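What follows is the residue order along each chain.
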Amino acid sequence: MPHNISVLIIFVLLLSSALATSEKQEVCSSDQLKVCSGGVQCIQLTIGEELVVDCHLTEPENPNTNATLPVLMLHGFPEWSGMYLSLMKTLASNGFTSLACNQRGYSPTAAPEGVLSYNHSLLVNDVFAMADAAKFDNFHLVAHDIGAIVGWQVVASDRGHKRVKSFSALSIPHVDAFSAGLYGETADVAQQMASQYFSMFVLPNSASIRGKFWYRALGRTSGRGNEYVTGVSSFSAKDFQKALYWYNGAKNDGILAFPPNFSWIYLAKAGMYSLAFLRIIFGGEPNKGIPASNPIGNVYIPSLFVCGSQDPSILCNRDYALKTKDYCKGGYQYVEVDCAHELLACSVELETEKVVNAIVGHIMAYGPKKISE
């Protein structure tokens, strides 16, 4: 392109309003166990396939309250267990043990090679393996972003129905509702446009192509790549590829629909200039999208869905997303806050407090006692 440098500068400025980026987050060292500050422990757990995940663990401040069920937390993309530290400390003050791990593809000793190693059936298994390794028989589940896509699968499963006490989904509606918003005659066109990056994330070597664009825009600015924790090498584009594989995994397992590819002209005419630039950079012929071939069905676990009304990537307060209620048969609560995608780091602290209070309240509402047999 004759004016590619100026276009790239404009694009980078626009990108921040189109895709959520990650905050700096604390990451556990992979070469030793240590006690983090503020009552947070850094531990390692061995899960299936002999993967070793780095985790944060908090325990109740008052030992007498240790009868409560623990809380397991799943991060999103590109995020790390450190995103939950403040919430974990709040839960500890309310008598709950909490565990958040850098999951498959994020912990350096839990990053197998190959795209098929990130199919969502394996990510779901990992959740139960983490719970088993931590000796959590029954537990509450909190999840954000694509981690919430995994979380919805967990609570829709037979194992989840038996073991999970409550579910808090941050940003992401029920997966089948999300798929209906992405594909088909009744899909939400605005969400289809906002999700154009799906098709770009799943391209071969997506972290390295186009001058390592995604790695430079998202991977290098998040978590391990940003902090260079002692004992962990630089988070390279090859490392970041494994985080991107989570999207391939959702596609391969048919869990989530993919929206139609729109041309850059269509996107530009709709005012989606940053996504139009993405389409120019990454290409992709217009198509009709891909339906979800493996919907998860109804959920019978009490579910909280928290939506940021200013989220540019997941338009979670639109009609398609609000149909999450129709899939939740075991109790449902919807909370909307004036926040973007990072619901635990809203620009206004009061909005973050609303999110934390909603999660803690939801967990406490469904009790400390174990699920009855």
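Here the structure is a predicted model, which means the values were calculated and not measured.

Chemist: Teacher, can you tell me more about the overall build of the protein here?
Modeler: Within the protein, the secondary structure is distributed over 16 helices and 9 strands. Looking at the 373 residues of the protein, the share that counts as buried comes to 57%. Taking the contacts inside the protein whose residues are at least 6 apart along the sequence as the reference set, 77% of them involve residues at least 24 apart. Accessible area of the protein: about 15,300 Å², with a carbon and sulfur share of 53%.

Chemist: Help me out: how do you make sense of helix α2 (residues 85-93) in this one?
Modeler: Since the α-helix packs 3.6 residues into each turn, any two residues three or four apart lie on the same face. Listed as buried for α2 are Leu85, Leu87, Met88, Leu91 and Ala92. With its buried residues spanning 160° around the axis, α2 presents them on a single face. The inward-facing, buried residues of α2 contact β3 (51-58), β4 (71-74), β5 (98-101), β6 (139-144) and α16 (349-365). Gly95 sits one or two residues past α2 and shows a positive phi near 95°.

Chemist: Hey, could you run me through the state of the cysteines in this one?
Modeler: Disulfides are covalent bonds that link the sulfur atoms of two cysteine residues. Tallied over the entire structure, the rule returns 3 disulfides. Through a disulfide, Cys55 is tied to Cys101; the S-S separation comes to 2.1 Å. The disulfide joining Cys55 to Cys101 has a torsion of about 95° about its S-S bond and is therefore right-handed. Of this pair, Cys55 sits in strand β3 while Cys101 sits in strand β5, and the two are 46 residues apart along the sequence. Grouping residues by exposure puts Cys55 and Cys101 together as buried.

Chemist: I keep staring at the nonpolar core and nothing clicks. Help me out?
Modeler: Soluble globular proteins: nonpolar side chains tend toward being buried together. One finds Phe77, Leu99, Leu141, Trp152, Phe178, Trp214 and Phe240 to be the most contacted residues of the largest nonpolar core, which totals 82 residues. Ranked by residue count, the leading element in this core is helix α11 (residues 237-252), at 8 residues. Discounting chain neighbours no more than four positions away, the residues touching Phe240 are Phe77, Pro78, Ala207, Trp214, Tyr215, Leu218, Gly219 and Phe235.

Chemist: Whenever I open this one, unusual backbone geometry confuses me. Can you help?
Modeler: What is expected of a backbone is that most residues other than glycine have negative phi and most peptide bonds are trans. Of the consecutive residues Phe77 and Pro78, the connecting peptide bond is found in the cis state with omega at -20°. Tracing the sequence through the fold places Pro78 in the loop between β4 and α2. Even without being a glycine, Asn205 presents a positive backbone phi close to 55°. Topologically, Asn205 is positioned in the loop between α8 (197-201) and α9 (209-219). Residue classification places Asn205 among the exposed residues on the basis of a relative accessible area of 52%. Residue Lys212 is not a glycine yet carries a positive backbone phi of 55°. Within the fold, Lys212 resides in helix α9.

Chemist: What is the right way to read the packing of aromatic side chains from this model?
Modeler: Working definition: an aromatic ring pair is given by the centre-to-centre distance plus the angle between the planes. Using the criterion set out here, one finds 21 aromatic pairs in the structure. Each ring, one from Phe213 and one from Trp214, has its centre 5.2 Å from the other, and the planes form 75°; the classification is edge-to-face. Of the two residues examined, Phe213 and Trp214, each falls in the buried class. Note that Lys251 overlies the ring of Phe258, its terminal NZ or CZ placed 5.7 Å from the centroid.

Chemist: Help me understand the side chain of Arg279 in this model?
Modeler: For Arg279, the position within the fold is in helix α13 (residues 273-282). Although Arg279 lies buried, it forms no salt bridge, and the closest oppositely charged side chain, Glu285, sits 9.4 Å away as judged by the N-O distance.

Chemist: Explain the environment of Lys251 to me, please; I cannot follow it from the model alone.
Modeler: Residue placement: Lys251 occurs in helix α11. Spatially, the C-alpha atoms of Lys251 and Ile290 are 8.6 Å apart, while their sequence positions differ by 39 residues. The contacts of Lys251, once residues within four sequence positions are left out, are Val202, Phe258 and Ile290.

Chemist: Sorry, what's going on with the environment of Gln41 here?
Modeler: Within the secondary structure layout, Gln41 lies in strand β2 (residues 41-47). Judged by relative accessible area, which is 25%, Gln41 ranks as partly exposed. Residues Gln41 and Leu99, 58 residues apart in the sequence, show an inter-C-alpha distance of 9.6 Å. A distance of 3.2 Å separates polar atoms of two side chains, one belonging to Gln41 and the other to Glu59.

So, how was this worked out
Residues numbered from 1 in each chain as written. Predicted model: local features only at pLDDT ≥ 70, side-chain atom pairs only at ≥ 80, totals over all residues. Heavy atoms only, no water. Helix = DSSP H or I, 4+ residues; strand = E, 2+ residues; numbered from the N terminus. Buried < 20%, exposed > 50% of the residue type's maximum accessible area, 1.4 Å probe, protein only. Contact = heavy atoms within 4.5 Å. Areas by Shrake-Rupley, 256 points an atom, 1.4 Å probe, with all protein chains shown as cover. Arc of directions from axis to C-beta. Disulfide = S-S within 2.5 Å. Core = buried A, V, L, I, M, F, W, Y, C linked by side-chain atoms within 4.5 Å. Phe/Tyr/Trp six-rings, centres within 6.5 Å; stacked < 30°, edge-to-face > 60°. Lys NZ or Arg CZ within 6 Å of the ring centre and 35° of its normal. Lys, Arg positive; Asp, Glu negative; His and termini not counted. Salt bridge = Lys/Arg side-chain N within 4 Å of Asp/Glu carboxyl O. Polar contact = N/O pair within 3.5 Å; in protein donor to acceptor, adjacent residues only side chain to side chain.

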